[in-house]
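Observations on chain architecture
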Amino acid sequence: MKKLLISSSFFLLMLTISKAQPFGGRPTAQRKLDPIVQKILEEETNNSQLKQIAHELFDKIGPRLVGTPKMQQANDWAVAKYQSWGINARNEKWGEWRGWERGVSHIDMITPWVKTLAGTQLAWCPSTKGKTITADVIILPELADSAAYATWFANNAKGKYVMISMLQPTGRPDADWKQYGTDESIKKINQERDSLTKAWAKRIANTGYNTRTLPVALEKAGAAGIITNYWSKEYGADKIFAAYTKTIPTVDISLEDYGLIYRLAEGGSPVKLNIRTDSRETGVQPTFNTIGEIKGTEKANEYILLSAHFDSWDGGTGATDNGTGTLVMMEAMRLLKKFYPNPKRTILVGHWGSEEQGLNGSKAFAEDHPEIMKGLQASFNQDNGTGRIENISGQGFLHAYEYLQRWLDAVPYNAKKDIKTTFPGSPASGGTDNASFVATGAPAFGLGSLSWGYFSNTWHTNLDTYDKIVFDDVEKNAILTAVLVYMASEDPTFFNREKAVLPISPFTGQPSKWPPITAPTRKGGLD
């Protein structure tokens, strides 16, 4: 079909109008629900299994870093859970990853006084092999250029723990400053933080390395270990990502304790730490997506896909990234199997591996299953925390409004009243797994949720744990997802994939292009 030409100004006007209006419609009390929708609503209201699923996954299994035994345990658990509900499920191999298992981290300041410090080894941190390494602490100095740093590395780094993160000027979140600070004090602290951030970035750049390669250079210079602080601008919250060293420990220490040892070292007081990081390399490990299926009865080669990534970073237990998305999809599948066991179209659920390293599991699934991409009626992906769904974009599909309007119309009012829709929207090009399917031209919609402080509190932090889940919101999301899937399955027409003309790119001055298909990394962390 020939594409309908839309000017970029009209396209943007459509976006503005659609963003301004919630989809809510009339309250449930004023309209009669479809009988299956009514059963879904009653079951989730009165017999939700979300808390039990959350307890089993987050408390009993824990974090799900790709390549670790915990990830494999979670894959196997999910298959068993689906089978207990009468849903066919399997683990589907898509690649291999560096195997690693986290052990105990212990970090103590022993000079100038004794204090156990709050912190942890980063993912894939080398083991100290059962030993506690005692060494003095030094701060990466401010030098003029890479030549000066090369000399400093050669003469100063050997046998030392090197601090490579800036000293934060405040440990109070911005909300505290906004509530309690004066205009003058807020301006002053923001200016100070901005100045320090720029100066520290210049300090790192002057080494000739970046934050990824600098630890490796210090390791080669004989440093005893690397100390970082990646504060998340909330009390007690730190981002926990990956270590890049191969033989020496890399640990993240909380803002409060990092600041303590930084100030001591900067002030000339000798600081000595004991650090022990237990971990275990387990060789090359297979990586899997967990796939569940309810076979279609009339159009088995057309599909609705529920989608969430299963892996997490391992500073916390991955409860909101993307544990709550996982809960929503599992619970929706349970509801559908119970009340809609013979769908017209095949219903699939995908729990993707290695999203955190580049959407690898979902990219691999799209690459391995072109027949599913071709037959995809719709995919619904959720990946940004515990909040209730508040936005859905048409992902650049010209006729998305026609379908999503019909499907949303059947959703109980309380599960959709906060949703704002954007049509036709723009295609996702990254960020989370629906982008892997949109790139193939398949209709894959992100279910964007209310923040609940996601990016500062729990996204990739040590605080991403069970207690941050808002179960009332997650219940609404499970109902919403189950009903959307039911309606998409029942829809008499196949989704029209005609693409809208995208607006002019402010960077190129040319019309934006549909995102390209990119290949997954199928062998990770093995270099």
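Details of the structure are given in the entry above.
Because the structure is a prediction, the values reported are computed rather than measured.

1. Considerations on the overall build of the protein chain
Across its full length, the protein chain carries 17 helices and 15 strands. Computed over its C-alpha atoms, the radius of gyration of the protein chain comes to 25 Å, within 12% of the 24 Å expected for a compact globule of 527 residues. Projecting the C-alpha coordinates of the protein chain onto the three principal axes gives extents of approximately 75 × 50 × 45 Å. Looking at the protein chain residue by residue over its 527 residues, the buried ones come to 54%. Across the protein chain, contacts joining residues at least 24 apart in sequence account for 84% of those joining residues at least 6 apart. Split by element, the accessible area of the protein chain, about 22,500 Å² in all, is 54% carbon and sulfur. Looking at charge distribution, the protein chain has the averaged site of its 59 positive side-chain charges lying 3 Å from that of its 56 negative ones.

2. As for helix α3 (residues 50-61)
Compared with an ideal rise of 1.5 Å per residue, which puts 12 residues at 16 Å, α3 spans 16 Å between its outermost C-alpha atoms and is within 8% of the ideal. Listed as buried for α3 are L50, I53, A54, E56, L57, F58 and I61. Taken around the axis of α3, the buried residues stretch over an arc of 165 degrees, which confines them to a single face. Opposite the packed face of α3, turned more than 90 degrees from it, sit the exposed residues K51 and K60. Along its buried surface, α3 packs onto α2 (35-47), α4 (69-84), α10 (319-339) and α17 (471-490). Just beyond α3, the residue with positive phi is G62, at close to 100 degrees.

3. Some words on the pairing of strand β12 (residues 389-393)
Bridge analysis of β12 against strand β14 (residues 444-449) gives 3 bridges, and the strand direction is antiparallel. Note that in β14 the partner of I389 across the bridge is S449. Sheet analysis places β12 next to strand β13 (residues 420-422), joined by 3 bridges and oriented parallel. Bridging across to β13, N391 finds its partner in K420.

4. Quick word on helix α13 (residues 400-409)
Considered for burial, the residues of α13 that qualify are A400, Y403, L404, W407 and L408. Each buried residue of α13 sits inside an arc of 120 degrees when the element is viewed along its axis, so together they form one side. The secondary structure elements touched by the buried residues of α13 are β11 (376-381), β12, α14 (413-416), β13, β14 and α17.

5. Concerning unusual backbone geometry
Omega for the peptide link from D321 to N322 comes to 0 degrees, which places this bond in the cis form. One can find N322 in helix α10. Residue P424 is reached from F423 by a cis peptide bond, and omega for that bond is -10 degrees. Following the sequence through the fold, P424 ends up in the loop between β13 and α15 (434-438). With a phi angle near 65 degrees, W124 is a residue other than glycine that sits in the positive phi range. In this structure, W124 sits in the loop between β3 (119-121) and β4 (133-139). Even without glycine at this site, W452 takes up a positive phi of about 50 degrees. Its location among the elements puts W452 in the loop between β14 and α16 (454-458).

6. What to know about the pattern of salt bridges
What the rule picks out here adds up to 26 salt bridges. Here E92 makes a salt bridge to R90, at a shortest N to O gap of 3.1 Å. A residue is classified by how much of its surface remains accessible, and E92, at 15% relative accessible area, is buried. Using a relative accessible area of 32% as the deciding quantity, one classes R90 as partly exposed. Note that E490 is salt-bridged to K344, the shortest N-O span being 3.6 Å. Taken as a pair, E490 in helix α17 and K344 in the loop between α10 and β10 (345-352) lie far apart in primary sequence, 146 residues in all. Of the residues examined, E490 reaches a relative accessible area of 25% and is grouped as partly exposed.

7. Regarding the nonpolar core
As a rule of thumb, soluble globular proteins bury nonpolar side chains together. Ranked by internal contacts, the top residues of the largest apolar core, which has 82 residues, are L327, F380 and W407. Once residues within four sequence positions are removed from consideration, W407 is found in contact with Q377, A378, F380, L484, M487, A488, D491 and F495. The next biggest cluster of nonpolar side chains, apart from the first, holds 38 residues, and it includes I107, L117, A157 and L273.

8. So, the side chain of S362
Relative to the helices and strands, S362 resides in helix α11 (residues 360-368). For S362, a relative accessible area of 0% translates into the label buried. Within the local environment of S362, its side chain forms a polar contact with the backbone oxygen of L359, the two atoms lying 3.2 Å apart. Among the polar contacts made by the side chain of S362, one reaches the side chain of S436 at a distance of 2.8 Å. Among all residues touching S362, those that are not within four sequence positions of it are W352, D433, S436 and F437.

9. Notes on the packing of α3 against α17
The contact between α3 and α17 brings their axes to 11 Å, and the two run at 110 degrees. With respect to α17, the axis of α3 lies roughly perpendicular. Of α17, the residues touching α3 (which contributes L50, K51 and A54) are F471, V474 and E475. Across the contact of α3 with α17, the residue classes tally to 4 nonpolar, no polar and 2 charged.

10. Comments concerning the side chain of R345
One can find R345 in strand β10. Here the side chain of R345 touches E302 through a polar contact of 2.7 Å, side chain to side chain. Among the polar contacts made by the side chain of R345, one reaches the main-chain carbonyl oxygen of A488 at a distance of 3.1 Å.

11. Focus on the environment of D183
For D183, the location among the structural elements is in helix α7 (residues 183-206). Taking C-alpha positions, D183 is 39 Å from V114, a pair spaced 69 residues apart along the chain.

Thresholds, definitions, all that
Residues numbered from 1 in each chain as written. Predicted model: local features only at pLDDT ≥ 70, side-chain atom pairs only at ≥ 80, totals over all residues. Heavy atoms only, no water. Helix = DSSP H or I, 4+ residues; strand = E, 2+ residues; numbered from the N terminus. Rg over C-alpha atoms; globule rule 2.2 N^0.38 Å. Buried < 20%, exposed > 50% of the residue type's maximum accessible area, 1.4 Å probe, protein only. Contact = heavy atoms within 4.5 Å. Areas by Shrake-Rupley, 256 points an atom, 1.4 Å probe, with all protein chains shown as cover. Lys, Arg positive; Asp, Glu negative; His and termini not counted. Charge placed at Lys NZ, Arg CZ, Asp CG, Glu CD. Expected span 1.5 Å × (residues − 1). Arc of directions from axis to C-beta. Pairing = 2+ DSSP bridges. Salt bridge = Lys/Arg side-chain N within 4 Å of Asp/Glu carboxyl O. Core = buried A, V, L, I, M, F, W, Y, C linked by side-chain atoms within 4.5 Å. Polar contact = N/O pair within 3.5 Å; in protein donor to acceptor, adjacent residues only side chain to side chain. Axes fitted to C-alpha atoms, helices over the stretch in contact; angles between N-to-C directions. Parallel < 35°, antiparallel > 145°, perpendicular 65-115°, else oblique. Nonpolar A, V, L, I, M, F, W, Y, C, P; charged D, E, K, R; others polar.

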